[in-house]
Amino acid sequence: MKVADKIVVVTGGAHGIGQAMCRRFAAEGAKGIVVADIDEEAAGEVAHEIGGMAIRADVSEESATQRLVRQVTEKYGGIDLFCSNAGIMVSGGPEALDADWERIWKINVMAHVYAARAVIPGMIARGSGYMLQTVSAAGLLTLLGAAPYSVTKHAGLGFAEWMAITYADRGIKVSALCPLGVRTDMLLGDDSSMASFLSNGALEPEQIADAVVAGLESERFLILPHAEVGEFFQRKATDYDRWIRGMQRLQATVTPSRDFPAA
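The following paragraphs examine the structure supplied in this document. Within any chain, residue numbers begin from 1 and follow the written order of that chain's sequence. At least 70 in pLDDT is required for a residue's local features to be given in this predicted model, at least 80 for side-chain atom pairs to be given and counted, and no such filter applies to totals for whole chains, interfaces and linings, which use all residues. In computing side-chain values, all of the structure's heavy atoms are included and hydrogens and water are not.

Attention now goes to the sheet that holds strand β7 (residues 222–223). DSSP-based pairing: two strands are paired if at least 2 bridges between them are found. Each helix is a run of DSSP H or I of at least 4 residues and each strand a run of E of at least 2, with the numbering of both proceeding from the N terminus. In space, the seven strands of this open sheet follow the order β3-β2-β1-β4-β5-β6-β7, with parallel pairing throughout. Whereas interior strands pair on both sides, the edge strands pair on one side only; in this sheet they are β3 (53–56) and β7. Two residues qualify as a contact provided that any one of their heavy atoms is within 4.5 Å of a heavy atom in the partner residue. Note on geometry: axes are C-alpha line fits, over the in-contact stretch for helices, and angles between N-to-C directions span 0 to 180 degrees. Running at roughly 165° to strand β2 (residues 32–37), helix α2 (residues 40–50) makes contact with β2 and β3 of the sheet. Against the sheet, helix α4 (residues 98–126) makes contact with β4 (81–84), β5 (129–134) and β6 (172–177), and its axis sits at roughly 170° relative to β5, the strand it touches most.

So, about the environment of Met-53. Secondary-structure assignment places Met-53 in strand β3. Accessible area is worked out with a 1.4 Å probe on protein chains only. A residue is then buried under 20% of its type maximum, exposed over 50%, and partly exposed in between. The buried category is assigned to Met-53, whose relative accessible area is 18%. Discounting residues that sit within four places of it in the chain, Met-53 has contacts with Ile-33, Val-34, Val-35, Ala-47, Lys-75 and Tyr-76.

As a further point, take the packing of helix α3 (residues 62–76) against α4. Relative orientation of the contacting elements α3 and α4 amounts to 35°, with a least axis distance of 9 Å. Helix-helix and strand crossings are classified by hand; for α3 and α4 the assignment is right-handed. Across the interface between the two elements, Glu-62, Thr-65, Gln-66 and Val-69 of α3 pack against Tyr-114, Ala-115, Arg-117, Ala-118 and Val-119 of α4. Two helices crossing with the near one rotated counterclockwise from the far one by less than a right angle form a left-handed crossing, whereas a clockwise rotation gives a right-handed crossing.

Let's shift gears to the pairing of β5. Counting buried positions along β5 yields six of six residues, so the element is predominantly enclosed. Of the two faces of β5, both are covered, the one formed by Gly-129, Met-131 and Gln-133 as well as the one formed by Tyr-130, Leu-132 and Thr-134. Pairing of β4 with β5, which is carried by four bridges, proceeds in the parallel orientation. Within β5, the position partnered with Phe-82 by the bridge is Met-131. In this structure, β5 lies alongside β6, joined through six bridges in parallel fashion. Across the sheet, Gly-129 pairs through a bridge with Ile-172, a residue of β6. Look down the strands so they point away from you; if going from the first strand over the helix to the second traces a clockwise path, that crossover is right-handed. Crossover connection from β5 via helix α5 (residues 147–166) to parallel β6: handedness right-handed.

This part covers the packing of aromatic side chains. Given two aromatic rings, their pairing is described by the distance between the two centres and the angle made by the two planes. In this analysis, rings of Phe, Tyr and Trp, with Trp reduced to its six-membered ring, are considered paired at centre separations within 6.5 Å, and the interplanar angle assigns stacked below 30 degrees, edge-to-face beyond 60, and tilted for intermediate values. Following the criterion strictly, the structure yields three aromatic pairs and no others. Ring plane angle 85° and centroid distance 5.8 Å describe the contact between Trp-162 and Tyr-167, whose orientation is recorded as edge-to-face. Its relative accessible area of 45% is what places Trp-162 among the partly exposed residues. An aromatic cluster of three or more residues is present, and its members are Phe-159, Trp-162 and Tyr-167. In our convention, an over-ring charge means Lys NZ or Arg CZ found within 6 Å of a ring centre and within 35 degrees of that ring's normal. Positioned above the aromatic ring of Tyr-76 is the side chain of Lys-75, whose terminal nitrogen or guanidinium carbon lies 5.4 Å from the ring centre. Of note, Lys-236 hangs over the ring of Trp-243, and the distance from its end group to the ring centre comes to 4.7 Å.

Helices are assigned an expected span. That span is 1.5 Å times one less than the residue count. The terminal C-alpha atoms of helix α9 (residues 227–238), which comprises twelve residues, lie 17 Å apart, in line with the 16 Å expected from a rise of 1.5 Å per residue. Elements in contact with the buried residues of α9: α5 and α10 (240–254).

On to the environment of Glu-49, then. With respect to the helices and strands, Glu-49 occurs in helix α2. Classification of Glu-49 as partly exposed rests on a relative accessible area of 48%. The spatial distance from the C-alpha of Glu-49 to the C-alpha of Cys-22 is 10.0 Å, given a sequence separation of 27 residues.

Moving on, we get to a positive patch on the surface. In this analysis, a patch consists of residues with relative accessible area above 30% that form no salt bridge, clustered at 9 Å for like charges and at 5 Å for the nonpolar side chains Val, Leu, Ile, Met, Phe, Trp and Tyr. Exposure was quantified through the Shrake-Rupley algorithm and a 1.4 Å probe, taking into account, for residues, occlusion by the shown protein chains and nothing else. Salt bridges, as used here, are contacts in which a Lys or Arg side-chain nitrogen is within 4 Å of a carboxyl oxygen on Asp or Glu. For the purpose of charge, His is not counted, nor are the chain termini; Lys and Arg are scored as positive and Asp and Glu as negative. Here the site of a charge means atom NZ of a Lys, CZ of an Arg, CG of an Asp or CD of a Glu. On the surface, a cluster of positive charge is made up of Arg-235, Arg-242, Arg-245 and Arg-249. The leading source of residues in the positive patch is α10, at three residues. Note on placement: Arg-242 falls in helix α10. Arg-242 sits in the exposed class, given a relative accessible area of 59%.

As structure tokens, then:
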């Protein structure tokens with residue numbers, strides 16, 4: 001799929017990877033770009049810069065996603081590419097608060113489900129469409145010290161995989177973007193040892209956007225801006241136990257041991 005002359009929606013489009021994608025899609029000649037974000041002011045700035053349309057949307061609420069899709073459809077007649085990109089980080093293990101588990105589940109998983117419910121019927125009616133989900137290398141591997149993030153990213157990847165299989169015969173393409181370290185506020189604002197580890201070899205958001213355009217053009221399911229992620233995933237599949245042991249050794253060097261808080 002070439003982005004030129006297409007109608008594109010990017011959630012989480014005001015910052016980081018989403019912002020970089022919006023700018024790159026504009027450079028590619030997209031017909032209309034909708035910058036959707038809970039940060040309405042920042043979304044407006046990006047939209048003004050690229051000649052797009054800004055819409056405030058809290059993707060954790062299904063009604064907001066339905067409203068977003070209605071507004072875009074009313075203006076442009078349909079959506080060619082929906083980039084379900086918004087996501088958050090929650091660190092910790094099983095001791096993380098229920099409220100944090102629920103919040104990250106709604107944003108990192110259910111937001112993709114809400115997007116599919118809102119967008120796919122129209123794509124099926126037209127016989128074409130593309131869904132891009134920003135997942136993470138954590139969805140293929142894991143992220144040490146962040147069980148809520150790792151679990152939800154695995155779930156997001158599983159949903160993208162299911163959609164790719166289920167809707168292919170209806171003309172719908174699906175890609176999962178799975179970067180490793182990216183120089184966004186999520187990484188740069190984290191002073192943990194794991195964040196420091198990921199900073200080595202981290203890519204700029206613009207490099208991720210380049211990989212997205214290339215991945216869309218070749219219609220690859222997995223878009224891997226960091227080539228080593230594919231290698232690590234192959235090792236995991238080839239010998240799961242060996243991979244686990246390697247990750248255990250890595251954890252011993254970059255993250256502290258975890259204990260449940262005293263009762």
